[in-house]
Amino acid sequence: MFAKYNDNLAATLIGIYLLGLASYIVQLFFMTEWWLADNQIDITAITIARVAGAAWCGLFVGMILTFLNGPDGQKTIFWSICVAQVLCLFWVAHSYLILNIAAAADDSVIVLVLTILILVGTFRVKSRL
């Protein structure tokens, strides 16, 4: 499956990113109440959390298709995921650094690592997009 990328490092980084994305999808779909309570968020935000999980699920499927079909011509999906990931990093970091929400510390680190993975992987295959 990684062979269609013709770049083992990029395929590995994006594969690890997909595992992180899958964990957030599971967390937002099946562990929503626990995740909201653990991050001290009002439980009435359950619908918003599940909608966010659905959006990430759509991007996850798009990335899986790039593994099956190769990254050639998939510029839109790669850049949409990069934009979504950078904005996610911005808002999680904002919650932790500016709003002083201590519960966002672990998410800030996780989202930062995921952002680095997808950006490095995308820039490595950029010439084929």
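Refer to the structure presented above.
Residues numbered from 1 in each chain as written. Predicted model: local features only at pLDDT ≥ 70, side-chain atom pairs only at ≥ 80, totals over all residues. Heavy atoms only, no water.

Q: Hey, could you run me through the overall build of the chain in this one?
A: Scanning the chain from terminus to terminus reveals five helices and zero strands. The secondary structure elements of the chain, listed N-terminal to C-terminal, are α-α-α-α-α. Computed over C-alpha atoms, the radius of gyration of the chain comes to 15 Å, within 12% of the 14 Å expected from 2.2 N^0.38 for 129 residues, which places it in the range of a compact globule. The dimensions of the chain, computed from C-alpha atoms along their principal axes, are 45 × 25 × 20 Å. Buried residues in the chain amount to 40% of all 129 residues. Looking at the chain alone, contacts between residues at least 24 apart form 66% of all its contacts between residues at least 6 apart. Accessible area of the chain: about 7200 Å², with a carbon and sulfur share of 72%. (Helix = DSSP H or I, 4+ residues; strand = E, 2+ residues; numbered from the N terminus. Rg over C-alpha atoms; globule rule 2.2 N^0.38 Å. Buried < 20%, exposed > 50% of the residue type's maximum accessible area, 1.4 Å probe, protein only. Contact = heavy atoms within 4.5 Å. Areas by Shrake-Rupley, 256 points an atom, 1.4 Å probe, with all protein chains shown as cover.)

Q: What is the right way to read the pattern of salt bridges from this model?
A: In the structure shown here, the tally under the stated rule is three salt bridges. In this structure, the salt-bridge partner of Asp 7 is Arg 124, at a minimum N-O distance of 3.0 Å. One end of the pair, Asp 7, is in the segment before helix H1 (8–30); the other, Arg 124, is in helix H5 (residues 105–125), with 117 residues separating them in the sequence. With a relative accessible area of 42%, Arg 124 lands in the partly exposed category. (Salt bridge = Lys/Arg side-chain N within 4 Å of Asp/Glu carboxyl O.)

Q: Looking at this structure, how should I read the packing of helix H3 (residues 46–69) against helix H4 (residues 75–97)?
A: Working note: a packed helix pair is described by the angle between its axes plus the distance between those axes. Where H3 contacts H4, the axes come no closer than 10 Å and their chain directions differ by 140°. Compared by their axis directions, H3 and H4 come out oblique. Of the two possible hands of crossing, H3 and H4 adopt the one that is left-handed. Residues Trp 56, Leu 59, Gly 62, Met 63 and Thr 66 of H3 form the contact with H4, whose own contacting residues are Ile 77, Phe 78, Ser 80, Ile 81, Ala 84, Gln 85 and Cys 88. Residue classes in the contact of H3 with H4 are distributed as eight nonpolar, four polar and no charged. (Axes fitted to C-alpha atoms, helices over the stretch in contact; angles between N-to-C directions. Parallel < 35°, antiparallel > 145°, perpendicular 65-115°, else oblique. Left-handed = near helix turned anticlockwise from the far one by under 90°. Nonpolar A, V, L, I, M, F, W, Y, C, P; charged D, E, K, R; others polar.)

Q: I keep staring at the side chain of Asp 7 and nothing clicks. Help me out?
A: On the accessibility criterion, Asp 7 (12% relative accessible area) is buried. Separated by 3.2 Å, the side chain of Asp 7 and the backbone nitrogen of Ala 10 make a polar contact. (Polar contact = N/O pair within 3.5 Å; in protein donor to acceptor, adjacent residues only side chain to side chain.)

Q: I'm lost on the packing of H1 against H3 in this one. Help?
A: Following both chains from N to C, one finds H1 and H3 inclined at 155°, their axes separated by 9 Å at the closest point. When the axes of H1 and H3 are compared, the pair comes out roughly antiparallel. For the pair H1 and H3, the sense of crossing is left-handed. Taking contact as the criterion, the partners of Ala 11, Ile 14, Gly 15, Tyr 17, Leu 18, Leu 21, Ala 22, Ile 25, Leu 28 and Phe 29 in H1 are, on H3, Ala 49, Arg 50, Ala 52, Gly 53, Ala 54, Trp 56, Cys 57, Phe 60, Met 63, Ile 64 and Phe 67. A breakdown of the residues in the contact of H1 with H3 according to their chemical character gives 18 nonpolar, two polar and one charged.

Read these as geometric descriptors, not functional statements.
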